[in-house]
Amino acid sequence: MDAVVTVAVELVNRLSAGEARGRAYQPPTGDALTAAVSAALRAGLRGSREVSAGEAREFGAVASSLRAVFDANAAGDTDLAARRVNELLDRTGARPTLDKHDGEPWHLHFHGRDNSLVTGWAAGCATGLAVVLGSSLHGRLGVCTAPRCDRVYVDTSRNGTRRFCSAACQNRVKAAAFRARQRDT
């Protein structure tokens, strides 16, 4: 599940417009989009193949659906987040299958209604988020709380107190707080 949740985070952060680390962010287009999607898929699975330009564009819609889950959960609306995951599970026709590949033992995969790369990954990501939302770990899906950043993350820290998408955003917030304290003295 870690791999598909990691891919979900990567897809959302690479393919959704918004703000990242204090700057406006627009998802890549053309060849850069294809490279970004391929990199996102490799983040969760060794040996993932390169995607086509058409598949890369389709992943944009998947990222949008996944983003809605993170946004709802970060806003404290777990019910809405669960509905969004259920919609994606239904749309993809996610079904469990035991697979054995790349010298690994049998393990659980979730495939989509068809065997396309996009539907398969969408089904897997939705299932991974469903597992997290359906457990006591649902609060570990988040949206960065730094100003001018809306990138998503999964909190894998021991104490579950992560609030930022990256060390860069955490450092920006700490530096701003330090400067504010210095002005006040």
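Coordinates for the structure precede this section.
Because the structure is predicted, anything quoted here is derived from the model rather than measured.

## What about the overall build of the chain?
Per the secondary structure count, the chain includes 6 helices and 6 strands. The N-to-C order of helical and strand elements in the chain reads α-β-β-α-α-α-β-β-α-β-β-α. Expected size for 185 residues packed as a compact globule is a radius of gyration near 16 Å; at 17 Å, the chain falls within 12% of this value. Counting only C-alpha atoms, the chain reaches 60 × 40 × 30 Å along its principal axes. Evaluated residue by residue, the chain yields a buried proportion of 39% over its 185 residues. Partitioning the contacts of the chain with sequence separation of at least 6, the portion at a separation of at least 24 is 52%.

## Re the pattern of salt bridges
Enumeration over the complete set of coordinates arrives at 7 salt bridges. Note that Glu 19 is salt-bridged to Arg 148, the shortest N-O span being 3.1 Å. Residue Glu 19 is located in strand S1 (residues 18–20), and its partner Arg 148 is located in the loop between strand S5 (141–143) and strand S6 (152–154); the two are separated by 129 residues in the primary sequence. Glu 19 sits in the partly exposed class, given a relative accessible area of 28%. The closest approach of N and O atoms between Arg 140 and Asp 155, which form a salt bridge, is 4.0 Å.

## Details of the nonpolar core
Ranked by internal contacts, the top residues of the largest apolar core, which has 37 residues, are Leu 11, Val 37, Phe 59, Leu 66, Phe 70 and Leu 129. Where this core is concerned, the elements lending two or more residues are helix H1 (2–15), helix H2 (30–42), helix H3 (53–74), helix H4 (78–92), helix H5 (117–133), S5 and S6. Sequence-distant contacts of Phe 59, that is, excluding residues within four places in its chain, are made with Leu 11, Leu 15, Val 37, Leu 41, Val 51, Leu 117, Val 118 and Trp 121. Listed in part, the 6 residues of the second largest apolar core include Cys 144, Cys 149, Cys 165 and Cys 169.

## Digging into the environment of Thr 78
Mapped onto the secondary structure, Thr 78 falls in helix H4. Between the C-alpha atoms of Thr 78 and Cys 149, which are 71 residues apart in sequence, the distance is 21 Å.

## Details of the side chain of Glu 55
Within the fold, Glu 55 resides in helix H3. On the basis of relative accessible area, Glu 55 is assigned to the buried category, the value being 14%. A polar contact of 2.9 Å, which involves the side chain of Glu 55, links it to the backbone nitrogen of Ser 52. Those residues within four positions of Glu 55 in sequence are excluded, and the remaining contacts are Arg 49, Leu 117 and Val 118.

## Details of the packing of H1 against H2
Two numbers describe how H1 lies on H2: the axes approach to 8 Å, and their chain directions differ by 160°. By the angle between their axes, H1 is roughly antiparallel relative to H2. Where H1 crosses over H2, the two elements pack in a sense that is right-handed. Residue-level inspection shows Val 7, Glu 10, Leu 11, Arg 14 and Leu 15 of H1 in contact with H2, the latter providing Leu 33, Ala 36, Val 37, Ala 39, Ala 40 and Leu 41.

## Here we look at unusual backbone geometry
Of note in this structure, Arg 21 is not a glycine but carries a positive phi near 55°. Within the secondary structure, Arg 21 sits in the loop between S1 and strand S2 (23–25). Taking relative accessible area as the criterion, Arg 21 reaches 40% and is therefore assigned partly exposed. Not every positive phi belongs to a glycine, and Arg 148 is a case in point at roughly 60°.

Conventions adopted
- Positions within a chain are numbered from 1, following the residues in the order the chain's sequence is written.
- Two thresholds apply to this predicted model, a pLDDT of at least 70 for residue-level local features and 80 or more for giving and counting side-chain atom pairs, whereas whole-chain, interface and lining totals are computed over all residues.
- Note that water and hydrogens are dropped before the side-chain values are worked out from all heavy atoms of the structure.
- Helix and strand definitions here come from DSSP, where helices need a minimum of 4 consecutive H or I residues and strands a minimum of 2 consecutive E residues; each element is numbered from the N-terminal end.
- Every radius of gyration here is taken over C-alpha atoms, with the globule rule written as 2.2 Å times N^0.38, N being the number of residues.
- Whether a residue is buried, partly exposed or exposed follows from its accessible area with a 1.4 Å probe, protein chains only, as a fraction of its type maximum: under 20%, in between, or over 50%, in that order.
- The criterion used for residue contact is that any of the two residues' heavy atoms lie within 4.5 Å.
- We count a salt bridge whenever a side-chain nitrogen from Lys or Arg sits within 4 Å of a carboxyl oxygen from Asp or Glu.
- In this description, a nonpolar core means a group of buried Ala, Val, Leu, Ile, Met, Phe, Trp, Tyr and Cys residues linked to one another through side-chain atoms lying within 4.5 Å.
- Polar contact is defined as a pair of N or O atoms within 3.5 Å, subject to the rule that within protein one atom must be able to donate a hydrogen and the other to accept it, and that residues adjacent in sequence are counted only when both atoms are side-chain atoms.
- Comment: axis = line fitted to C-alpha atoms, over the contacting stretch for helices; angle = value between 0 and 180 degrees taken between N-to-C directions.
- Any angle between 65 and 115 degrees counts as roughly perpendicular, while under 35 counts as roughly parallel, over 145 as roughly antiparallel, and the rest as oblique.
- Should the near helix be turned anticlockwise from the far one by less than a right angle, the crossing is left-handed, and should it be turned clockwise, the crossing is right-handed.

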